[in-house]
Amino acid sequence: MRTFLAVVGALFLAVIVMLVGLFGFGWSRTGPLKKEATLFVDDALQEILADWDGEALFDHAAPEFQAILTPDKLEELMMSGISQFGPMTNFRGSKCTIVRVAFETGSGETAEAECVAGASFARVDADISAVAVKRGSFWRLSGFFVEQTGQGASLQRTAHAGSHALGVVEASAIDGFVAISARGREPVVAAAVGDARTSHVDR
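Let me begin by describing the structure that accompanies this report.

**Thoughts on the side chain of Ser80**
Point 1. Inspection of the secondary structure puts Ser80 in helix H4 (residues 71-84).
Point 2. Given the relative accessible area of 7%, Ser80 is considered buried.
Point 3. A distance of 2.6 Å separates a polar atom in the side chain of Ser80 from a polar atom in the side chain of Gln84.
Point 4. When sequence neighbours within four positions are dropped, the list of residues in contact with Ser80 reads Phe85, Val193, Gly194, Asp195 and Ala196.

Here you go:
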């Protein structure tokens, strides 16, 4: 009986140590990942918004995002930007928050960031929100939202569901991954520019 309890106690202690180590390593990675995400999103948004370039949006999109960015939908989104916002006159930079960090045996480190930025256009100012995902060494967009400043909170609800604190541990020995995510985080694969929107697709 004592041996059994000792084994159970050792396993419990090992799990606790693993969780503490996972949180520690996850937190240590958020700073570098945040910098990477911010650089990527700043470059991507400026390239897309400078001339409302649908090809640039498609080129910066993750595969699951590209699947809903059909030529007709891209044209609708970009024409909405041209007609409702006009040319971009000033970009005020993005601020990103890491909402998921995962380590997978097959693909290594993956991450997801939610970013917000501001910009001035010829007709109006706008709030911009982007969701960026990292797989391997590359960041890509999975969400892109542009909304006139002061028109409501729908943009914030779309891209910022839940707390940003990394407090949820996910793990699977079968699938070979461990992850830390923000509570209430919901995957986002969608786009909206003014009145033009894509359909939300769950990953």
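There's more to say after this.
**Things to note about H4**
Point 1. Taking 1.5 Å per residue as the helical rise, H4 with its 14 residues ought to reach 20 Å, and the 20 Å between its terminal C-alpha atoms agrees with that figure.
Point 2. Among all positions in H4, only Lys73, Leu74, Leu77, Met78, Ser80 and Gly81 are buried. Buried residues of H4, viewed axially, fall in a sector of 150°; they line one side. Seen from the buried face of H4, the exposed residues on the opposite side, beyond 90 degrees, are Pro71, Asp72 and Glu75.
Point 3. Where H4 is buried, its residues touch helix H2 (54-59), strand E4 (138-148), strand E7 (190-193) and strand E8 (196-197).
Point 4. Gly86 lies just past H4 and shows a positive phi near 85°.

Cut-offs applied
Residues numbered from 1 in each chain as written. Predicted model: local features only at pLDDT ≥ 70, side-chain atom pairs only at ≥ 80, totals over all residues. Heavy atoms only, no water. Helix = DSSP H or I, 4+ residues; strand = E, 2+ residues; numbered from the N terminus. Buried < 20%, exposed > 50% of the residue type's maximum accessible area, 1.4 Å probe, protein only. Polar contact = N/O pair within 3.5 Å; in protein donor to acceptor, adjacent residues only side chain to side chain. Contact = heavy atoms within 4.5 Å. Expected span 1.5 Å × (residues − 1). Arc of directions from axis to C-beta.

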